[in-house]
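# Commentary on secondary and tertiary structure
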Amino acid sequence: MYLTHLSLKNFRNYVRLELELSPGVVVIVGNNAQGKSNLLEAIYFLATAKSFRASNDRELINWLAADTDIPFAYLLAKVEKEHANLRIEIAIKEEARKENGANGATMPAVSKRIRTNNVARRAIDLIGLANVVMFSPQDIDLIQGAPQMRRRYLDVTISQVDPRYCRSLAHYNKVLIQRNHLLRQIREKHARPDQLLFWDQELVSAGAYVILQRLVTVSALNELTFGIHRGLTGSQERFHTVCRLNLDVAAGANLAETLHGELARATPEARIGAIAEVFKRKLAQFQPREIAYGMSLLGPHRDDLAFVVDDREVSLYGSRGQQRTVALSLKMAEAEFMRSRTGEEPILLLDDVTSELDAERRSYVLESIKERQQVLVTTSDLHAFDADFLAKSLLLRVENGAIEPVNLATLS
Ligand SMILES: Nc1ncnc2c1ncn2[C@@H]1O[C@H](COP(=O)(O)OP(=O)(O)OP(=O)(O)O)[C@@H](O)[C@H]1O
Ligand SMILES: [Mg+2]
């Protein structure tokens, strides 16, 4: 799939942008703080209804617009797919200020309206319609950051190809909040342990699907990352990912083992059932402890991934360059995974990625993206690309929230 048109109003430093795009490689060049990352963020937001960096949607509304009567931002993308055209619109609006902050402070609420092909949608139903993979310098957090970053990588990857995963995960997270609340109530003797029964059942059935898909996906990603990582490192390193399921680590289960043997060839529902059974048993064992802590201690909300290069965990022993390369392998595998599952090429967004790679790794990345259906690459330095690569790309310059085509011939 590829973007043919992007409109932005009051999004970050883009007061107004109308941009036509073509398939192939689009190179966006600009100095620091001109709007390169903001542009990719807009595209990512249109595909996922989430920013990869803002913690609050209000940050996305242009500062000047934020001072007007009805602060809003509007984003529109037109996407060409294999068998359909897609029009995605998102409006972010600041609602009337309410007195809901501490000390009676006024906190503006933000609403988000999503439409695809002129029909209103929930955010959860948007995900998967337009697939994107974002590469950014912050990807190193995948290796160095908290487990939440690694779960997010998996969740974004799977959600974009599997709506059931997305729904199960959302349901799981809702159940988790209710269940934690109930566990605290039980601890304070305001509720009874038997009231947990219903929430345990919900947690187990949503959680079992999440766990199965994480296991299956990590194994599919491993098949892809192995070759990609060998390519990136000139066949120097062997890389694989280990799925550290919380049920295994904290409760002594061995779910990969459980799914071996006859279950390896069983239906997905039978496999989910087998995981659910283990999950339920472990929950029963942990119940006194969960009540004492007043929170849910077991389940996929505590899963993690470990990245292993040549038998050593890269977060502990890897150099920064090695960690960066692992993150890059994971992202390239994510794109390949989506393509194999959906039959559509995701749109690749590479934010300033070339700047931190050595010449060989950079040329491997550029070589592998140039045949992709659509790739948007930002850079502050065109020298990172060779003349042949640039000659085959659409070249755009961004300056203070405005974008102009660049004529290669006029560049020195
Ligand atoms: N809500 C907002 N309203 C207006 N401007 C904003 C808003 N949020 C961020 N900006 C500004 O937008 C500008 C461009 O940010 P962006 O992150 O896109 O820069 P960049 O071109 O990627 O730079 P770099 O090369 O440093 O990564 C910055 O000056 C930033 O402060
Ligand atoms: Mg940037």
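Residues numbered from 1 in each chain as written. Chains lettered and ligands numbered in written order. Predicted model: local features only at pLDDT ≥ 70, side-chain atom pairs only at ≥ 80, totals over all residues.

Once that is clear, we can look at the overall build of the chain. On a plain count of helices and strands, the chain comes out with 14 helices and 17 strands. Whereas a compact globule of 412 residues would reach a radius of gyration of roughly 22 Å, the chain reaches 23 Å, a difference of no more than 12%. For the C-alpha atoms alone, the extent of the chain along its principal axes is close to 75 × 60 × 40 Å. For the chain, the proportion of contacts with a sequence separation of at least 24, taken over those separated by at least 6, is 69%. (Helix = DSSP H or I, 4+ residues; strand = E, 2+ residues; numbered from the N terminus. Rg over C-alpha atoms; globule rule 2.2 N^0.38 Å. Contact = placed C-beta atoms within 7 Å.)

Before going further, it helps to spend a moment on the pairing of strand β15 (residues 374-379). Within β15, five of the six residues are buried, which leaves it mostly tucked inside the rest of the structure. Summarising the sheet, strand β3 (residues 24-29) and β15 pair through six bridges and their orientation is parallel. In the strand pairing of β15, Val26 is matched with Leu376. Sheet topology places strand β14 (residues 347-351) next to β15; four bridges connect them, and they run parallel. (Buried ≥ 20, exposed ≤ 12 C-beta atoms within 10 Å, placed from the backbone. Pairing = 2+ DSSP bridges.)

Looking now at the domain arrangement of the chain. Buried accessible area, meaning the area lost when the parts come together, often serves as the stated size of an interface. As far as domains go, the chain holds domain 1 (1-131 + 380-412) and domain 2 (139-343). With five residues of domain 1 in contact, the opposing surface of domain 2 contributes ten residues. A class-by-class count of the residues in the side of domain 1 that touches domain 2 yields two nonpolar, two polar and one charged. (Domains from an automatic or database assignment. Nonpolar A, V, L, I, M, F, W, Y, C, P; charged D, E, K, R; others polar.)

What follows covers the sheet that holds β14. Read across the sheet, six strands follow the order β10-β14-β15-β3-β16-β17 without closing on themselves; strand pairing throughout is mixed. Each of the sheet's edge strands pairs with one partner strand only, and the pair in question is β10 (132-135) and β17 (402-405). Taken pair by pair, the neighbouring strands of this sheet meet at an average axis angle of 20°, ignoring direction. Pairing geometry for strand β16 (residues 394-399) and β17, over four bridges, is antiparallel. In the strand pairing of β17, Leu396 is matched with Pro405. Of the strands in this sheet, β10 and β14 are in contact with helix α12 (residues 320-342), which crosses β10 at around 175°. (Axes fitted to C-alpha atoms, helices over the stretch in contact; angles between N-to-C directions.)

Let us look at the packing of helix α5 (residues 147-161) against α12. Interhelical geometry of α5 versus α12 gives an angle of 20° and a closest axis separation of 9 Å. Between α5 and α12, the angle is such that the two are roughly parallel. In the packing of α5 onto α12, the handedness of the crossing is right-handed. Across the interface between the two elements, Tyr153, Thr157, Gln160 and Val161 from α5 touch Leu330, Glu334, Phe337, Met338, Arg341 and Thr342 from α12. Classifying every residue of the contact of α5 with α12 by side-chain character gives five nonpolar, three polar and two charged. (Parallel < 35°, antiparallel > 145°, perpendicular 65-115°, else oblique. Left-handed = near helix turned anticlockwise from the far one by under 90°.)

Let's shift gears to the site of ligand 1. Inspection of the region around ligand 1 gives 16 residues, with Asn13, Asn32, Lys36, Ser37 and Asn38 positioned closest. Class assignment for the residues of the shell around ligand 1 results in three nonpolar, nine polar and four charged. (Near = placed C-beta within 6 Å.)

For soluble globular proteins, the rule of thumb is that nonpolar side chains tend to be buried together. Ranked by internal contacts, the top residues of the largest apolar core, which has 101 residues, are Ile43, Leu46 and Leu349. If you tally residues by element for this core, the top one is helix α7 (residues 196-232), at twelve residues. Taken domain by domain, this core gets at least three of its residues from each of domain 1 (1-131 + 380-412) and domain 2 (139-343). (Core = buried A, V, L, I, M, F, W, Y, C linked by C-beta atoms within 7 Å.)

The next thing to look at is α7. Helical periodicity: at 3.6 residues per turn, an α-helix aligns residues three or four positions apart in one direction. Maximum bend of α7: about 30°, positioned at Thr225. Among the residues trailing α7, Gly234 stands out with phi positive, at a value near 60°. (Bend = angle between axes of the 7 residues up to and from the residue.)

Looking now at the sheet that holds strand β9 (residues 119-121). Spatial strand order, β2-β1-β4-β5-β8-β9: six strands in an open sheet with antiparallel pairing. With one partner strand each, in any of the chains shown, β2 (14-20) and β9 form the two edges of the open sheet. On average, each strand axis in the sheet is tilted by 20° relative to the strand beside it, whichever way the strands run. Pairing geometry for strand β5 (residues 85-94) and strand β8 (residues 110-116), over seven bridges, is antiparallel.

Before going further, it helps to spend a moment on α12. Spanning 23 residues, α12 covers 33 Å between terminal C-alpha atoms, matching the ideal 33 Å at 1.5 Å per step. In terms of residue burial, α12 counts as a mostly covered element, since 17 of its 23 residues are buried. Looking one or two residues past α12, Gly343 carries a phi angle of roughly 75°, positive in sign. (Expected span 1.5 Å × (residues − 1).)

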